[in-house]
Amino acid sequence: MAYSGPAMQRIVINNHEWEVSNEPGWEEVIEKANAVREQIFRSCKTLAECSQIVDKLHTIFERYPASKHYYETHKEEVEDMISSIFKWG
């Protein structure tokens, strides 16, 4: 019998919960992503301005090994999550 831990972990920063894969390295990714999320959502006034977060998060996810690996191995799933960001952002 093999033990398998949970596939996902929850990281809470400033009362915002992020659910990411249960691998090391996500804390730094989420800190950067959360800072961008707060900056954009604090100052955006239109949907077009607020939607900038999709590109910003994509850039962050591509920069860090943990998120880049997840992004590359779950591309379709990640695109669905990022495209629906206004449902959870």
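What you see is a predicted model; the values in this text were computed from it and never measured.

### Concerning the packing of helix α3 (residues 52-63) against helix α4 (residues 65-73)
Here's step 1: Two elements in contact, α3 and α4, have axes separated by 5 Å at closest approach and are oriented at 105°. In this view, α3 runs roughly perpendicular relative to α4, as classed from their interaxial angle. Facing α3, whose interface residues are His 58, Ile 60, Phe 61, Glu 62 and Arg 63, α4 presents Pro 65, Ser 67, Lys 68 and Tyr 71.
Here's step 2: For the contact of α3 with α4, the class distribution of residues is four nonpolar, two polar and three charged.

### Points about the confidence of the model for the chain
Here's step 1: For the chain, per-residue confidence averages 80 on the pLDDT scale, and 84% of positions sit at 70 or higher.
Here's step 2: Mean pLDDT values for the elements of the chain range from 49 in helix α6 (residues 85-88) up to 89 in helix α1 (residues 26-43).

### A look at the pattern of salt bridges
Pairing between side chains of opposite charge can happen when their charged atoms approach one another.
Here's step 1: One pass over the full model with this rule turns up three salt bridges.
Here's step 2: The partner of Glu 17 in a salt bridge is Arg 10, and the shortest N-O contact between them spans 2.9 Å.
Here's step 3: The class of Glu 17 is partly exposed, set by a relative accessible area of 47%.
Here's step 4: Ionic pairing is found between Arg 10 and Glu 19, a salt bridge with its closest N-O pair at 3.7 Å.

### With respect to the packing of aromatic side chains
Here's step 1: As enumerated under the stated definition, the model contains two aromatic pairs in all.
Here's step 2: An angle of 80° between the planes, with centres 6.1 Å apart, marks the rings of Trp 26 and Tyr 70 as edge-to-face. One end of the pair, Trp 26, is in helix α1; the other, Tyr 70, is in helix α4, and 44 residues separate them in sequence. Accessibility assignment for this pair places Trp 26 and Tyr 70 in one class, buried.
Here's step 3: Linked through ring pairs, Trp 26, Phe 61 and Tyr 70 together constitute an aromatic cluster.

### A few points about the environment of Lys 68
Here's step 1: Relative to the helices and strands, Lys 68 is located in helix α4.
Here's step 2: Here Lys 68 falls in the partly exposed class, since its relative accessible area comes to 33%.
Here's step 3: In this structure the C-alpha to C-alpha distance between Lys 68 and His 58, which are 10 residues apart in sequence, comes to 9.3 Å.
Here's step 4: Residue contacts for Lys 68: discarding those within four places in its chain leaves Phe 61 and Glu 62.

### So, the nonpolar core
Nonpolar side chains in soluble globular proteins tend to be buried together.
Here's step 1: Within the largest apolar cluster, 21 residues are counted, with the highest numbers of intra-cluster contacts made by Trp 26, Ile 30 and Ile 60.
Here's step 2: Mapped by element, the contributors of at least two residues to this core are β1 (8-13), β2 (16-21), α1, α3 and α4.
Here's step 3: Broken down by element, the residue count for this core peaks at six residues, all from α1.
Here's step 4: Excluding its chain neighbours within four sequence positions, the residues that come into contact with Ile 30 are Ile 11, Ile 13, Trp 18 and Val 20.

Cut-off values and rules
Residues numbered from 1 in each chain as written. Predicted model: local features only at pLDDT ≥ 70, side-chain atom pairs only at ≥ 80, totals over all residues. Heavy atoms only, no water. Axes fitted to C-alpha atoms, helices over the stretch in contact; angles between N-to-C directions. Helix = DSSP H or I, 4+ residues; strand = E, 2+ residues; numbered from the N terminus. Parallel < 35°, antiparallel > 145°, perpendicular 65-115°, else oblique. Contact = heavy atoms within 4.5 Å. Nonpolar A, V, L, I, M, F, W, Y, C, P; charged D, E, K, R; others polar. pLDDT = per-residue confidence, 0-100. Salt bridge = Lys/Arg side-chain N within 4 Å of Asp/Glu carboxyl O. Buried < 20%, exposed > 50% of the residue type's maximum accessible area, 1.4 Å probe, protein only. Phe/Tyr/Trp six-rings, centres within 6.5 Å; stacked < 30°, edge-to-face > 60°. Core = buried A, V, L, I, M, F, W, Y, C linked by side-chain atoms within 4.5 Å.

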